[in-house]
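Summary of structural features
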Amino acid sequence: KKVLANVTAYAPEAFSDLRYRFDINEREFFEALASNGPYVSFQSNSKGAARSGGIFFFSKNGAYMVKTIKKAEASTFLAMLPRYYRHMRKHSKRSLLTRFCGMYKVNLRDMSEEKESGNILNKLLPENSDKEEYVFVIMNSVYPAEGSQFIAERFDLKGSTVGRECSAEEKEKKRNDAVLKDLDLAREVHLMKTITPPTSTPMYGFHIGARLKSSLLSQLRKDVKFLVNCGVMDYSLLVGVVDMDTYRCKKSLTDRKTIPKTFDNRSSLSTNENAKIEKRNKAIRRAISMTSFPLRTAIAPPLYMVQKLYNLAEITLSSVLTLPLPYYGAGICGVDGGALSVLHGRRLGHRCVYYVGVIDFLQPWTMRKVLERDLKGIAGYDVNAISCVDPKEYGARFLEYMNAHIT
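The following refers to the structure shown. Computed from a predicted structure; not experimentally measured.

Within the protein chain one finds 13 helices and 13 strands. Expressed as a percentage of its 407 residues, the buried residues of the protein chain come to 39%. Sequence separation of at least 24 residues holds for 74% of the intrachain contacts in the protein chain that already meet a minimum separation of 6. Looking at the protein chain as shown, the accessible area adds up to about 24,500 Å², and 57% of this sits on carbon and sulfur atoms.

This part covers the pairing of strand β12 (residues 350-359). When you tally the buried positions in β12, you get nine out of ten residues, the bulk of the element. In this structure, strand β10 (residues 236-243) lies alongside β12, joined through eight bridges in antiparallel fashion. If you follow Gly240 over to β12, its bridge partner there is Tyr355. Summarising the sheet, strand β11 (residues 342-347) and β12 pair through six bridges and their orientation is antiparallel. Paired with Val342 across the bridge in β12 is Tyr355. Counted along the chain from β11 to the antiparallel partner β12, the turn is two residues long, and its residue Leu348 has a positive phi close to 55°.

A positive phi angle, close to 60°, is found at Asp23, a residue other than glycine. Inspection of the secondary structure puts Asp23 in the loop between α1 (12-21) and α2 (26-34). Under the relative-accessibility criterion, Asp23 is labelled exposed at 54%. Positive phi values are uncommon outside glycine, yet Arg175 reaches one of about 55°.

Counting residues in each nonpolar core, the largest one holds 73 residues, and the members touching the most others are Tyr64, Phe77, Tyr84, Leu220 and Phe361. Tyr64 has contacts with Ile24, Phe29, Ala32, Leu33, Phe57, Phe58, Ser59, Cys101, Ile138, Met139 and Val335, leaving out every residue within four places of it along the chain. In terms of nonpolar packing, the next biggest core, distinct from the first, is built from eleven residues, Phe150, Leu238, Val242 and Tyr355 among them.

With mixed pairing, the five strands of this open sheet are ordered in space as β8-β7-β10-β12-β11. Each end of this open sheet is capped by a strand with a single partner; those strands are β8 (179-180) and β11. Against the sheet, helix α8 (residues 182-195) makes contact with β7 (153-157), β8 and β11, and its axis sits at roughly 110° relative to β7, the strand it touches most.

Note on placement: Arg154 falls in strand β7. A polar contact is formed between the side chain of Arg154 and the backbone oxygen of Asn176, at a distance of 3.5 Å. Once residues within four sequence positions are removed from consideration, Arg154 is found in contact with Tyr143, Gly147, Ser148, Asn176, Asp177, Ala178, Val179, Leu180 and Val239.

Throughout the structure, instances matching the rule amount to 13 aromatic pairs. Summarising the aromatic geometry, the rings of Phe29 and Phe30 are spaced 5.1 Å apart at their centres and angled 70° between planes, so their arrangement reads as edge-to-face. Accessibility expressed as a relative area gives 0% for Phe29, which makes it buried. By relative accessible area, Phe30 is classed as partly exposed at 43%. Centre to centre, the rings of Tyr84 and Phe226 are 6.4 Å apart; their planes meet at 50°, and the pair counts as tilted. Placement of Tyr84 in helix α4 (residues 71-91) and of Phe226 in helix α9 (residues 210-229) is noted, with a sequence separation of 142 residues between them. Phe226 shares its class with Tyr84; the two are buried. Members of the aromatic cluster, joined through ring pairs, are Phe15, Phe77, Tyr84, Phe100, Phe226 and Phe361.

Looking now at the side chain of Asp156. For Asp156, the position within the fold is in strand β7. For Asp156, a relative accessible area of 8% corresponds to the buried category. When near neighbours in sequence (up to four residues on either side) are disregarded, Asp156 contacts Arg164, Val179, Leu180, Lys181, Asp182, Ser236, Leu237, Leu238 and Ile359.

Remark: α1 packs on α4, axes separated minimally by 11 Å, with the N-to-C direction vectors making an angle of 35°. Classified by chirality, the crossing of α4 by α1 is left-handed. Facing α1, whose interface residues are Ala14, Phe15, Asp17, Leu18 and Arg21, α4 presents Phe77, Leu81, Tyr84, Tyr85, Met88 and Arg89. In terms of residue class, the contact of α1 with α4 is made up of eight nonpolar, no polar and three charged.

Before going further, it helps to examine α2. Along α2, the positions that sit buried rather than exposed are Phe29, Ala32 and Leu33. One side of α2 holds all its buried residues, which, seen down the axis, span an arc of 90°. What points out from α2, more than 90 degrees from its buried face, is the exposed set Arg27 and Ala34. By the N-cap criterion, in which a side-chain oxygen at the helix start approaches the backbone nitrogen of a residue two or three places on, α2 is capped by Asn25, the distance to Arg27 being 3.0 Å.

With that settled, the discussion passes to helix α13 (residues 391-405). Taking 1.5 Å per residue, 15 residues should reach 21 Å; α13 reaches 21 Å between its end C-alpha atoms and fits that length. For α13, the full list of buried residues reads Pro391, Tyr394, Gly395, Arg397, Phe398, Leu399, Tyr401, Met402 and His405. Each element contacted by the buried residues of α13 is listed here: β7, α8, α9, β9 (232-233) and β10.

Quick notes on the rules
- Residues numbered from 1 in each chain as written.
- Predicted model: local features only at pLDDT ≥ 70, side-chain atom pairs only at ≥ 80, totals over all residues.
- Heavy atoms only, no water.
- Helix = DSSP H or I, 4+ residues; strand = E, 2+ residues; numbered from the N terminus.
- Buried < 20%, exposed > 50% of the residue type's maximum accessible area, 1.4 Å probe, protein only.
- Contact = heavy atoms within 4.5 Å.
- Areas by Shrake-Rupley, 256 points an atom, 1.4 Å probe, with all protein chains shown as cover.
- Pairing = 2+ DSSP bridges.
- Core = buried A, V, L, I, M, F, W, Y, C linked by side-chain atoms within 4.5 Å.
- Axes fitted to C-alpha atoms, helices over the stretch in contact; angles between N-to-C directions.
- Polar contact = N/O pair within 3.5 Å; in protein donor to acceptor, adjacent residues only side chain to side chain.
- Phe/Tyr/Trp six-rings, centres within 6.5 Å; stacked < 30°, edge-to-face > 60°.
- Left-handed = near helix turned anticlockwise from the far one by under 90°.
- Nonpolar A, V, L, I, M, F, W, Y, C, P; charged D, E, K, R; others polar.
- Arc of directions from axis to C-beta.
- Expected span 1.5 Å × (residues − 1).

Next up, the structure:
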């Protein structure tokens, strides 16, 4: 079967400049997409995208994601492209928005011999009856290409709560690849708050520290303000969590299982001898305790400083090498998502790395969405908790949720 493909590039100069600002090498970009493959298929987490029959796949090197979009989304993106271009020119180094690297339209036309044979039925068909048209965008991947090897948790967060939870079946089936949602994180945070003393520093949810949280929320406010001005909603904050202590803990547990039991020869001694030995041991422990207290007091400050320096060195080393990932470089994304796209922090007491990005922001607020909101309200849903709300309300709720679940 012969197929003629006609490819149209939208705003090539604008996207070329954006790729330059995203530090993307043009030659490497086209080589990644023009290689002989194989491309890696991908199933979207979005139910709406799945219903629309969208096509998703990664480039061979895992750096880029190719996604077909509906005509309405294409129109929305073309309308917001000038604003997106200006926003990313100004905030390309810190913005959390998806890095769009190109937008293309492909027309496929069947040029098989049957179509060219001059059959009278073919002549009666409309001229474009044998054409297929696809519009697709090329964007960066939030996760590294090898992310499935070491990402322990994945979250898709919108700030809404109606229907926003991962089913038990999905958790059981997909395990680490299951996508957790707003209610899953909210329940965990609520539980942690109930057992955390009120005087202690909050470390629940995504813990990155006060300074980093301030920087992250500051940039999120700028990005959300841009999205509100563009009249779009239904976007998500995608978060991938790498547990930096996992491999160390697994190794520790393995070593612990292999420790042989110490032979206790006291069982073969008489009761009187055991009593004498225990009395002598108590005296020795008391003497050691009395003499060691002044020594411990004297060396406490230096030990404290050594411990602090060790912790600092460990954090610095892990930040540079992204340990304990399977191998050096495994935690590097193919396209730099900005200074705030990879964050070091803690998660449930463990050191971790967060991969962060705002995705799926091409849904406009249309009359259809207004009707969807009203119908859900009639059906008894809380219209303030559903995903389908106007862009201004959606943005405010989105930021409020992130502020409450990032510490």
